[in-house]
Amino acid sequence: MALSGVEIFKMLPKTNCKKCGHPTCLAFAMKLAQRQISIDACPDVSESAKQILGEASAPPIRPVTFGAGDKAVKMGEETVLFRHDKKFLNPAAFALEIMDTATDSEINSKVEAVATSEIDRVGQKLRIDAILVENASKDAAKFESVVKAIAAKAPEIPLILSTTDPNAAEAAVKAVADKKPILYGANESNAEAMANVAKTHKVALGVYAKGLDALAAFTEKIKGLGVSDMVMDSGARTAKEIIEDNTLIRRAATKKTFKPLGYPVINFIQRDNTMLETLLAALGITKYSSIIVISSVERWKNLALFALRQNIYTDPQVPMQVEQKIYKLGEPTPESPLLITTNFSLTYFIVLGEAENSKVPCRLAVMDTEGLSVLTSWAAGKFTASKIAQFIKDSGVENEISHRELIIPGYVALLSGSIEEKLPGWKVTVGPREANGLPVFLKARA
Amino acid sequence: MSFVVPKESYSGKVYEVSIGTEKVANFGGESMLPFLSFDGAVKNRPLIAYEIQDIPPDDWPDTVKKVYEGVSSNPVDWAKHCQDKLGAKAIALRLLGTHPDRLNTSPEDAAKTVKDVLAAVSVPLIILGSNNAEKDAMVLPAAAEAAKDKNCIIGKAQEANYKTIVAAAMANNHKLIAMSDLDINLSKQLNILITQMGFDKERLVTDPMCSALGYGLDYTYSVMERIRLAALTQNDTTMQQPLLGDVGMYVYKTKETQAPEADLPLWGSLEERAVAWEMLTASAFMIAGAEFLIMRHPRAVEALEKFIDELM
Ligand code: B12
Ligand code: SF4
């Protein structure tokens, strides 16, 4: 259970020694109660208090990681229900389901699709994060050999091994234990054996129980068996069940600090209708899923889901932004064109992409507008003629170029006269409104 | 430690809005966050209206323009097609031709179009201006009068032009969309101004300003969530209006609905991508709190309706 600041205070040394960086023990206790710092900051606290406080101040949803290396997937640690309260931390992972009964060529093409799913969007590399191998054959040897084959073909892709047979589980997990897969699933009838496999190989365990009552009891049982890294499946399969169970789980964990449901959630949303499946995945992204198991990874679908996940998991207080400077595209000469835009990541990457498409080398002056788009920053008074003029002068670009022409976004055409006034000797040219007009525009000038 | 279902009970609820006369459609009315039936009563499904225009959709990208080939040269045929062939539950007529940069057609022209469309269909009609604040202040009153007593929704009233539009919606017995710029306080403020003119707060629909997936969706999403929470937890009567997501016009401006696969092989099929872009944008707003959506592509609408079936 969560402890109040006063309850925590009672367990501290009460010397107000300030070593934790806070003026008093009480101030430190208050920060701890809000989970803003770790108990480790106080060097003098007793071991027993540390243990109690450590548990109470742990994130309400346990951090669990699977996969190894750069592509490992972090889950959990969320503390809120709504993104406007605090940035959602660990984006939902997409896992493609592969049956161990599929033909070799089907398996290969699916693995290939996941391995090549990475797309750059607004400066982030986004991909299908994992593969779930389903023991549809019910044959332990078959399962093990398919798991091995997939791991050999794509050694970096995190795996979820799905079987309810402890023998199949043991064989498959053992074969790829160093890749830290998730073993899914323990249920009422195989709990001890599955917990044993997970414990022996130090992997996270996927646990299944129908309904939240049973699920809460079941995670306690598994914890009692010595496994503490879990992902939970409440049996929710329809959209209604998923939104309701996921919401209740998130509420119980974050608002009531109900530890038995304080684990990441896995949702199975496979549908024959891929449009419907895409919508179910959107539900998982927005409503608290940590792993979303899907049956197909068409490129258009990946792109749309990546974009949504990026939107939902972005920081609502601080727009994604890039550094203010003069960026060089290609190898510009002193005669190459100079364009200006704002430092909102989305704006920058769209303009960058389109300017690159033109194949015309140029300079892109990116101005710090506190991460606001062109029109927003103009409306907010951060992308004005005098600020633009000041930025151009301070940037030193005048020493790099032989001309004095600045190309501005079409949406702020009305700034052209006043920029020319503030930058004597310069000529301002109004570019297209949408960045996708840039290739034609730049080529026509080259 | 046994599990206690962490239910919420709210002091407020969303107003229910009913539109149309022959065929009627309802939305809103719920007393919980979207689809959480354990917290309160689910009154209505979200309503999806098909968007049509008074002029041909030359500015729509091919992905959605070609779906309406043969009917979109004339708003009456287009409206009938949506109602009869696509099963539209409501139709949103955008009077884009009245925009000074378009055909600059007159308020009288707009009124005639409204009359013609109303005569041709029995489902409820939403009448939207061209989003030119000055021109809308002239066009929408004429349109509202042409649709007198048909229980339409007129939109959109903005801070710059709300007075004449509110008066016209009131005089002709319509519902009204109030749109502000992506800010919960601006939205609240506009609703206060409108109700101070005597407009019934239960006849209003709030448009907090839409955006597209990948292009500002996060802002609209959070403003909607915050408005919905304010309605329920604070019982704030200026936040209890149903929310509109006018998604089509934002979605079909994005590159993702237009760039051919040949240019961007990593983006996959253009056809499917465009449908997915609209559908996901709409679904996110619905999950955030929108009870009313205006959409374009029949496949996006169809998939979303299936999704709603599963959510109800
Ligand atoms: C999301 C959003 C916000 C977010 C901020 C997002 C951000 N990080 O910038 C928030 C909610 C904070 C916000 C706030 C405001 N906003 Co705002 N916002 C939007 C919205 C919905 C999307 C903006 C966006 O992300 N666009 C995407 C980016 C990529 O576009 P872009 O930067 O313009 O880049 C494109 C082009 O300009 C071009 N381009 C860019 N650079 C270059 C360079 C060259 C050389 C060329 C040729 C082309 C080019 O290429 C890009 C793609 O085609 C727009 C409405 C809309 N749908 O456009 C309103 C909008 C921009 N906002 C508007 C306003 C008025 C405001 C506020 C002043 C009002 C308010 N709501 O309080 C505040 C001001 C902010 C402040 N005071 O801090 C208005 C601006 C109106 C106007 N014409 O002046 C808009 C247009 C809404 C409207 N009323 O129609 N906003
Ligand atoms: S370091 Fe520990 S004892 Fe010292 S003030 Fe901070 S909480 Fe109190």
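Quantities reported herein were computed from a predicted structural model and do not represent experimental measurements. (Residues numbered from 1 in each chain as written. Chains lettered and ligands numbered in written order. Predicted model: local features only at pLDDT ≥ 70, side-chain atom pairs only at ≥ 80, totals over all residues. Heavy atoms only, no water.)

Draft legend 1. Looking closely at the site of ligand 1. Around ligand 1, a shell composed of 35 residues is seen, among which Thr341, Thr347, Ser373 and Glu434 of chain A together with Asp181 of chain B lie nearest. Ligand 1 is flanked by residues contributed from chains A and B. Within the side chain of glutamate 434 of chain A, an N or O atom sits 2.5 Å from an oxygen atom of ligand 1. The contact in question runs from a nitrogen atom of ligand 1 to an N or O atom on the backbone of aspartate 181 of chain B, over 2.3 Å. Listing elements by their share of the shell around ligand 1, those giving two or more residues are strand S14 (338–342), helix H12 (345–357), helix H13 (374–379) and strand S16 (405–408) of chain A. (Near = heavy atom within 4 Å. Polar contact = N/O pair within 3.5 Å; in protein donor to acceptor, adjacent residues only side chain to side chain. Helix = DSSP H or I, 4+ residues; strand = E, 2+ residues; numbered from the N terminus.)

Draft legend 2. View of the interface of chain A and chain B. Across the contact, 50 residues belong to chain A and 51 residues belong to chain B. Linking chain A to chain B there are 6 salt bridges. With its nearest N and O atoms 3.6 Å apart, the salt bridge here joins glutamate 225 of chain B to lysine 287 of chain A. At the junction of chain A and chain B, the tally comes to 13 residue pairs in polar contact (both at pLDDT 80 or more). Residue composition of the side of chain A that touches chain B, by class: 27 nonpolar, 9 polar and 14 charged. (Contact = heavy atoms within 4.5 Å. Salt bridge = Lys/Arg side-chain N within 4 Å of Asp/Glu carboxyl O. Nonpolar A, V, L, I, M, F, W, Y, C, P; charged D, E, K, R; others polar.)

Draft legend 3. Local environment of the sheet that holds strand S12 (residues 291–294) of chain A. All names here are of chain A. If you trace the 8 strands from one edge of the open sheet to the other, you get S10-S9-S8-S7-S6-S3-S12-S11, paired in parallel fashion. Edge strands, defined here as strands with exactly one partner in the open sheet, are strand S10 (230–233) and strand S11 (266–268). Neighbour-to-neighbour, the strand axes of this sheet turn through a mean angle of 25°, independent of strand direction. Pairing of strand S6 (residues 130–134) with strand S7 (residues 159–162), which is carried by 4 bridges, proceeds in the parallel orientation. Paired with isoleucine 131 across the strands is leucine 159, a residue of S7. Sheet strands in contact with helix H6 (residues 166–176) are S7 and strand S8 (182–186), and its direction is about 165° off that of S7. (Pairing = 2+ DSSP bridges. Axes fitted to C-alpha atoms, helices over the stretch in contact; angles between N-to-C directions.)

Draft legend 4. Representation of the sheet that holds strand S13 (residues 325–329) of chain A. Residues and elements named next belong to chain A. Strands sit in the order S13-S15-S14-S16-S17 across an open sheet of 5 strands; the sheet is mixed. Single-partner strands in this sheet number two, and they are S13 and strand S17 (427–430). Looking at each pair of strands side by side, their axes are set apart by 30° on average, direction ignored. Two elements, S14 and S16, share 2 bridges in a ladder whose sense is parallel. Paired with leucine 339 across the bridge in S16 is isoleucine 407. Against the sheet, H12 makes contact with S13, S14 and strand S15 (362–367), and its axis sits at roughly 175° relative to S15, the strand it touches most. The strands that helix H14 (residues 385–395) touches are S13, S14, S15 and S16; relative to S15, the one it contacts most, it runs at about 120°.

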